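Per-entry structural report
Take a look at the letters that make up each chain.
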Amino acid sequence: IDALRTPFIILGDFNAWSPLWGSISRNHRGALIEDAIMAKNLVVLNDGAPTHFSSHHSFTHIDIAISSASIAPKLTSFTLDDLHNSDHFPIITTLASSTLYTVKPKSKFLTDKANWPNYCALICKLSNSNEISNNINAEAAKIKRIIRSSAHISVPQTNTRKFNAKLPYWSKFLETLRSTKKSLWASYKRNRSIENLIKFKKANALFRRELKSAKYQAFQNLTANINPNSNPKKIWSDIKAISGISKHNRIDFVYSSQGPIYNPQEIAESFASTWSNISHNSNFHANFSTLSSQIISENYQNPTPCLEAILVESPITIEEFDCTIRNMTGKTPGSDKISYPLLKNLPHTLKTRLITLYNRIMDQGIYPQDWKKAIIIP
């Protein structure tokens, strides 16, 4: 205890008895631990429930959760009622943290299930009823509204409700066996007869055997599909799924010069500030900054541009748009929820209108405000 830095939590099987953590009697080891707890001003977190089911078919209190006094008010500890295939009951100890901030996930369009003919028909109808605006920001907003409105009707969206993915080896049969085992365990606790204990042990053994068999079969199925040509991303996804590891990782906090940050909004601001500082002009070499300012301030005129320059400066054509969008991969949308598949399937009417907007942006050098925003997920 003297070697530990405070605050701390100590949990373990001490094989010690004391009324301090729920035992009806005290043994020599329990007395020694009691003295240490009193001398060092520690707090016992146990809820008084039995922590061990002994081979003598009795319940004992030999597992202890202890913490330093400074952190004890933030801790809650309770013992689970199910052995979970052990002879010790699991003890859950929770540290109360600051308010948890949850960010509601945004829905995405499931373009693989889209009704594209209906999508195109709706776009044509909405485009004809919305006049073209001379204001670049207004026209960009109109095009976005036309695409989004049509997609909402023609393309299903992802469900934003949270759910826990099941392990690939879990089944209804295992669920039934586990429920039976729990029911028999509850019966034994109500009436501690040898007959009830035997029934529980048989049910528990059956559940463990079937669980092991299901895990083995799932592992066999996983490895059978692995070969030199397998997709590494798919392999790792399967391995994580069979291990019970969630696909999505979340940043719970980041360190800063002012200490750890927990609020997602503040974490995002910290990232933005960091990237902004890194890319700031002040980080460039002085000679570069001077030369850059000098070139920008010059009124550049090229009376005889080369053919490549003329082609670059010429208006964007519908053929160039089709060629470019066709080679775009991925389905991740921006903040407007418009992904590449939605743009690839635009009808000719709106495609022409969008290209006209692009050319006006290039001519005037004015970009829609919404196009200057991006969602970054670290």
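The shown structure was predicted, so the numbers you read here are calculated from the model rather than taken from an experiment. (Residues numbered from 1 in each chain as written. Predicted model: local features only at pLDDT ≥ 70, side-chain atom pairs only at ≥ 80, totals over all residues. Heavy atoms only, no water.)

1. Digging into the domain arrangement of the chain
Rules: Here the bounds of each domain stem from an automatic or database domain assignment. A contact between two residues is defined here by any heavy atoms of the two lying within 4.5 Å. Summed over both partners, the accessible area lost on bringing two parts together, with a 1.4 Å probe, is the buried area. Salt bridge criterion: a side-chain nitrogen from Lys or Arg within 4 Å of a carboxyl oxygen from Asp or Glu. The classification used treats Ala, Val, Leu, Ile, Met, Phe, Trp, Tyr, Cys and Pro as nonpolar, Asp, Glu, Lys and Arg as charged, and all other residues, Gly among them, as polar.
Looking at the assigned domains, one finds that the chain contains domain 1 (9-95) and domain 2 (172-243). On a C-alpha basis, the centroid separation for the pair domain 1 and domain 2 is 29 Å. Taken together, the contacts link 8 residues of domain 1 with 12 residues of domain 2. Between domain 1 and domain 2, the buried area comes to about 930 Å², and carbon and sulfur atoms account for 55% of it. Ionic pairing is found between Asp-81 and Lys-189, a salt bridge with its closest N-O pair at 2.3 Å. Residue composition of the side of domain 1 that touches domain 2, grouped by class: 4 nonpolar, 2 polar and 2 charged.

2. Overview of the packing of aromatic side chains
For the record, the criterion: Working definition: a ring pair exists when centres of Phe, Tyr or Trp rings (six-membered ring for Trp) sit within 6.5 Å. Plane angles under 30 degrees give stacked, over 60 give edge-to-face, the rest tilted. Put simply, DSSP marks the helices as runs of H or I at least four residues long and the strands as runs of E at least two long, and each gets a number from the N terminus on. A simple rule labels every residue: compare its accessible area, found with a 1.4 Å probe on the protein chains alone, to the largest value its type can have, and call it buried under 20%, exposed over 50%, or partly exposed in between. Only when the NZ atom of a Lys or the CZ atom of an Arg is both within 6 Å of the ring centre and within 35 degrees of the ring normal do we say a charge sits over the ring.
Under the counting rule described, the total for this entry stands at 16 aromatic pairs. A ring pair is formed by Phe-59 and Trp-185, whose centres lie 6.0 Å apart and whose planes are at 65°; its orientation type is edge-to-face. Of this pair, Phe-59 sits in strand 4 (residues 59-60) while Trp-185 sits in helix 4 (residues 172-190), and the two are 126 residues apart along the sequence. For the pair shown, Phe-59 and Trp-185 are each scored as buried. Here Phe-321 and Tyr-358 contribute two aromatic rings whose centre-to-centre distance is 6.3 Å and whose plane-to-plane angle is 35°, an arrangement assigned as tilted. Within this pair, whereas Phe-321 is found in helix 10 (residues 318-326), its partner Tyr-358 is found in helix 12 (residues 348-364), the two being separated by 37 residues in sequence. With relative accessibility at 7%, the residue Phe-321 sits in the buried group. Put simply, the rings of Phe-53, Phe-59, Phe-89, Trp-185, Tyr-188 and Phe-200 touch in pairs and so form one group of aromatic residues. Its guanidinium or amino end placed over the ring of Phe-109, Lys-337 lies 4.9 Å from that ring's centre, counting from NZ or CZ.

3. So, unusual backbone geometry
Note the cis peptide between Thr-6 and Pro-7, where omega equals 0°. Along the chain, Pro-7 turns up in the segment before strand 1 (9-13). In this structure, Asn-41 takes a positive phi of about 55° despite not being glycine. Position of Asn-41 among the secondary structure elements: in the loop between helix 1 (28-39) and strand 2 (42-44). Here Asn-41 falls in the exposed class, since its relative accessible area comes to 54%. Unusually for a residue other than glycine, Lys-337 sits at a positive phi of about 70°. Mapped onto the elements of the fold, Lys-337 is located in the loop between helix 10 and helix 11 (340-344).

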